[in-house]
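Spelled out, the chains give:
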Amino acid sequence: MHFFKKTADLQAYLSYQKSQFRTIGFAPTMGALHQGHMSLIEHTNKHSDISVSSIFVNPTQFNDPEDLEKYPRTLEEDINLLYDHQLNTLFVPSVEEVYPVEGIHTPDFNFGKLDQLLEGAFRKDHFAGVAQVVHRLLEIVRPDHLYMGQKDYQQWTIIYHMLQQIESKVKLVMVPTVREKDGLAMSSRNRRLTPEWRSKAPLISSLLTETQQNYTSKPITEICEHAILQLEHKGFRPEYFNIVDGYNLENITNSDDHAKVVACTAAWAGDIRLIDNMILKDSKK
Ligand code: AMP
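Everything numeric in this text was worked out from a predicted model, so none of it was measured.

Peer 1: For the sheet that holds strand S9 (residues 272–282), give the residues involved together with the corresponding values.
Peer 2: Read from one edge of the open sheet, 3 strands run S7-S8-S9, paired in antiparallel fashion. Edge positions in the open sheet fall to strand S7 (237–245) and S9, since each of these has one partner strand only. Put simply, the sheet's adjacent strands are angled 10° from each other on average, direction ignored. Bridging between strand S8 (residues 260–269) and S9 involves 10 bridges; their strand directions are antiparallel. For Lys-260, the partnering residue across the bridge sits in S9 and is Asp-282.

Peer 1: Could you give an account of the pairing of S9, naming the residues involved and the relevant values?
Peer 2: On a regular strand, each side chain points to the face opposite its neighbour's, so the side chains alternate between the two faces of the sheet. For S9, the buried fraction is high: 9 of the 11 residues fall into the buried class. Linking S8 back to S9 in an antiparallel pair, the connection comprises 2 residues, with Gly-270 at a positive phi of about 65°.

Peer 1: I'd like a rundown of the state of the cysteines, residues and numbers included.
Peer 2: Summed over all chains, the structure comprises 0 disulfides. Cys-224 takes part in no disulfide bond, and the closest cysteine sulfur to it belongs to Cys-264, at a distance of 10 Å. Given the relative accessible area of 5%, Cys-264 is considered buried.

Peer 1: Describe in detail the packing of aromatic side chains, supporting the description with residues and values.
Peer 2: Counting across every chain of the model gives 7 aromatic pairs. An angle of 25° between the planes, with centres 5.7 Å apart, marks the rings of Phe-109 and Phe-111 as stacked. Residue classification places Phe-109 among the buried residues on the basis of a relative accessible area of 18%. Just above the ring of Trp-197 sits the side chain of Lys-200; from NZ or CZ to the centre is 4.2 Å.

Peer 1: An account of helix H2 (residues 35–47) is requested, with residue identities and associated values reported.
Peer 2: For H2, spanning 13 residues, the distance from its first C-alpha to its last is 18 Å, which sits close to the expected 18 Å at 1.5 Å a residue. Within the sequence span of H2, burial applies to Gly-36, His-37, Met-38, Ser-39, Leu-40, Ile-41 and Thr-44.

Peer 1: An account of the side chain of Asp-115 is needed here, citing residue identities and associated values.
Peer 2: Following the sequence through the fold, Asp-115 ends up in the loop between helix H5 (95–98) and helix H6 (119–122). Of the side chains bearing the opposite charge, Lys-124 lies closest to the buried Asp-115, which forms no salt bridge; the N-O distance is 10 Å. Looking at Asp-115, its side chain comes within polar contact range of the side chain of Gln-116, at 3.0 Å. If we skip the residues at most four places from it in the chain, Asp-115 touches Gly-120, Phe-127, Gln-154 and Ile-158.

Peer 1: Give me the sheet that holds strand S2 (residues 24–29): which residues, what numbers.
Peer 2: The strand order across the open sheet built from 6 strands is S1-S4-S3-S2-S5-S6, with neighbouring strands paired in parallel fashion. Of all strands in the sheet, those bounded by a partner on one side alone are strand S1 (2–4) and strand S6 (171–175). Pairs of neighbouring strands in the sheet enclose a mean axial angle of 25°, with direction left out of account. As paired elements, strand S3 (residues 50–55) and strand S4 (residues 89–91) share 3 bridges and run parallel to each other.

Peer 1: Describe the pattern of salt bridges, and please don't skip the residues or the numbers.
Peer 2: For the structure shown, the criterion picks out 13 salt bridges. The residue Arg-189 makes a salt bridge to Asp-67 at a minimum N-O spacing of 2.7 Å. Separated by 122 residues along the polypeptide, Arg-189 in the loop between S6 and helix H9 (195–200) and Asp-67 in helix H3 (residues 65–70) bring together distant segments of the chain. The exposure classification of Arg-189 matches that of Asp-67, with both residues buried. Of the charged contacts in the structure, one is a salt bridge between Glu-119 and Arg-273, with a shortest N-O distance of 2.8 Å. Within this pair, whereas Glu-119 is found in helix H6, its partner Arg-273 is found in strand S9, the two being separated by 154 residues in sequence. The class of Glu-119 is buried, set by a relative accessible area of 5%. Judged by its relative accessible area of 13%, Arg-273 falls in the buried class.

Scoring rules and cut-offs
- Residues numbered from 1 in each chain as written.
- Predicted model: local features only at pLDDT ≥ 70, side-chain atom pairs only at ≥ 80, totals over all residues.
- Heavy atoms only, no water.
- Pairing = 2+ DSSP bridges.
- Helix = DSSP H or I, 4+ residues; strand = E, 2+ residues; numbered from the N terminus.
- Axes fitted to C-alpha atoms, helices over the stretch in contact; angles between N-to-C directions.
- Buried < 20%, exposed > 50% of the residue type's maximum accessible area, 1.4 Å probe, protein only.
- Disulfide = S-S within 2.5 Å.
- Phe/Tyr/Trp six-rings, centres within 6.5 Å; stacked < 30°, edge-to-face > 60°.
- Lys NZ or Arg CZ within 6 Å of the ring centre and 35° of its normal.
- Expected span 1.5 Å × (residues − 1).
- Lys, Arg positive; Asp, Glu negative; His and termini not counted.
- Salt bridge = Lys/Arg side-chain N within 4 Å of Asp/Glu carboxyl O.
- Polar contact = N/O pair within 3.5 Å; in protein donor to acceptor, adjacent residues only side chain to side chain.
- Contact = heavy atoms within 4.5 Å.

The following block contains the structure:
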């Protein structure tokens, strides 16, 4: 596995690979890696000649300084896991490398309501930070394919729009959510759950599965209210449980009128904020 800390060194290596007509697949991460991330690496290895991943805890996407400080950092374990999964190239830049003092140019993206809804309503400026770092990393890596998880459905949607706005040729691939045996979506934050919250956390995915079974037979508002009540009943602090149009992320009232429908939720399990979603309908599949 090739390991780079400096942008210039990574770019020199990748330029050589491109001159040999090798395709580059890229999966950016914030580390504290798990099997969900490894699924991205497996997709990258399968569909590109050179698989590249990055570990960078991006300060500009955290609106809560404590969350940034407490974000798990497990570099040594991460490197071992990536090595075992045959990653070709790992990039672990410093903050100065990603955001050099001379400044970087980030286009003025317009995401309409996409970055205001769901997560955007609770994490101010989060997606501006995400778009900034992904744009910057793409500028550095210049991949052919970009792999991102369904776990962060709204993030994926926003990056899709970002690529359209800059008329990028990068192909964005959505990798399905990897779950623990009990249904909990894998997340770097799960390792911070107390044993009590870890045992309760699968409620989130079971409510999404229940929604999958009910969304055509019960009123949508009723399903969402029921889910919120169930979460509250078990002591979670839900922020939202919405059934939305899979393209514009706006709440829907009747799934028949929409080609793609997704249930999205965020809830605090004690001090840990968990998000999850389930694609309920995708007519184009
Ligand atoms: P993060 O390190 O949390 O920024 O995530 C890096 C990438 O891994 C993002 O594209 C996430 O959507 C993706 N990812 C995180 N958790 C999962 C999961 N459980 N299954 C699939 N992809 C995931």
